[in-house]
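# An overview of the molecular structure
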Amino acid sequence: MRSQRQVVDYALQRRSLLADVHSGKVGVAEVCDASPYLLRAARFHGEASDETCPVCRKERLTLVSWIFGESLKHAAGSARKPEELDQLAALHSDFSVYVVEVCRTCSWNHLVLSYVMGTDHENDGGGRRRPERRRTAAE
């Protein structure tokens, strides 16, 4: 079970952008601009969603989870499957996960969700708050 903290949902931003696209204020080419790298990540690391693409309405969207954090070292900045996130969360201190929805047909893409995972929890497991570590001037 994933322990997601500091969750940010970008649904309102997405809805506003789609309203602008459907009204003609924003061109389809401006929002259907997924890079080949993102499309490849969707193919190999993505998770199929139940939602159909809001732009082309031809295909179900794929959710891609990108991970970032100092503790991840060489893995930072890579796409991971959902089951890999649980394994990484058990091994590494806090890292950020950014979930992007992608249409592999028209290249629509949008940030859907972001959150923090990892072993560096605020509580020590007994409900007590862990003392904060002081940072040095060099940090």
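Since the structure is predicted, the reported quantities are computational estimates derived from the model, not experimental observations.

For the rest of this paragraph, the subject is unusual backbone geometry. Phi is positive for Arg-57, close to 55°, though the residue is something other than glycine. Following the sequence through the fold, Arg-57 ends up in the loop between β2 (47-52) and β3 (60-68). The class of Arg-57 is exposed, set by a relative accessible area of 56%. Positive phi is not limited to glycine here, since Ser-107 has a value of about 75°.

The subject of this paragraph is the side chain of His-110. Here His-110 lies in strand β6 (residues 109-117). Once residues within four sequence positions are removed from consideration, His-110 is found in contact with Tyr-10, Gln-13, Arg-14, Leu-17, Val-99, Val-100 and Glu-101.

Scanning all chains against the criterion turns up 3 salt bridges. The closest approach of N and O atoms between Glu-101 and Arg-14, which form a salt bridge, is 2.5 Å. Of this pair, Glu-101 sits in strand β5 (residues 95-102) while Arg-14 is found in helix α1 (residues 11-23), placing the two residues 87 residues apart along the sequence. Classification of Glu-101 by relative accessible area gives buried; the value is 3%. On the basis of relative accessible area, Arg-14 is assigned to the buried category, the value being 15%. A salt bridge links Glu-84 to Arg-80; the shortest N-O distance between them is 3.5 Å. Taken together, the shared-partner salt bridges in this structure form one network comprising Arg-14, Glu-51 and Glu-101.

As a further point, take the packing of aromatic side chains. What the rule picks out here adds up to 2 aromatic pairs. Summarising the aromatic geometry, the rings of Tyr-37 and Trp-66 are spaced 5.6 Å apart at their centres and angled 40° between planes, so their arrangement reads as tilted. On the criterion of sequence distance, the pair formed by Tyr-37 in helix α3 (residues 36-45) and Trp-66 in strand β3 is long-range, its members being 29 residues apart. Tyr-37 gets classed as partly exposed once you look at its relative accessible area, which sits at 48%.

Moving on: the side chain of Glu-101. In terms of polar contacts, Glu-101 uses its side chain to reach the side chain of Arg-14, at 2.5 Å. Leave out the neighbours within four places in its chain, and Glu-101 touches Arg-14, Leu-61, Thr-62, Leu-63, Trp-108, Asn-109, His-110 and Val-112.

In this section: the environment of His-92. Along the chain, His-92 falls in the loop between α4 (82-91) and β5. As a C-alpha pair, His-92 and Gly-69 span 23 residues in sequence and 9.2 Å in three-dimensional space. Excluding residues that lie within four positions of it along the chain, His-92 makes contacts with Ser-71, Leu-72, Gly-118 and Thr-119.

Conventions used here
Residues numbered from 1 in each chain as written. Predicted model: local features only at pLDDT ≥ 70, side-chain atom pairs only at ≥ 80, totals over all residues. Heavy atoms only, no water. Helix = DSSP H or I, 4+ residues; strand = E, 2+ residues; numbered from the N terminus. Buried < 20%, exposed > 50% of the residue type's maximum accessible area, 1.4 Å probe, protein only. Contact = heavy atoms within 4.5 Å. Salt bridge = Lys/Arg side-chain N within 4 Å of Asp/Glu carboxyl O. Phe/Tyr/Trp six-rings, centres within 6.5 Å; stacked < 30°, edge-to-face > 60°. Polar contact = N/O pair within 3.5 Å; in protein donor to acceptor, adjacent residues only side chain to side chain.

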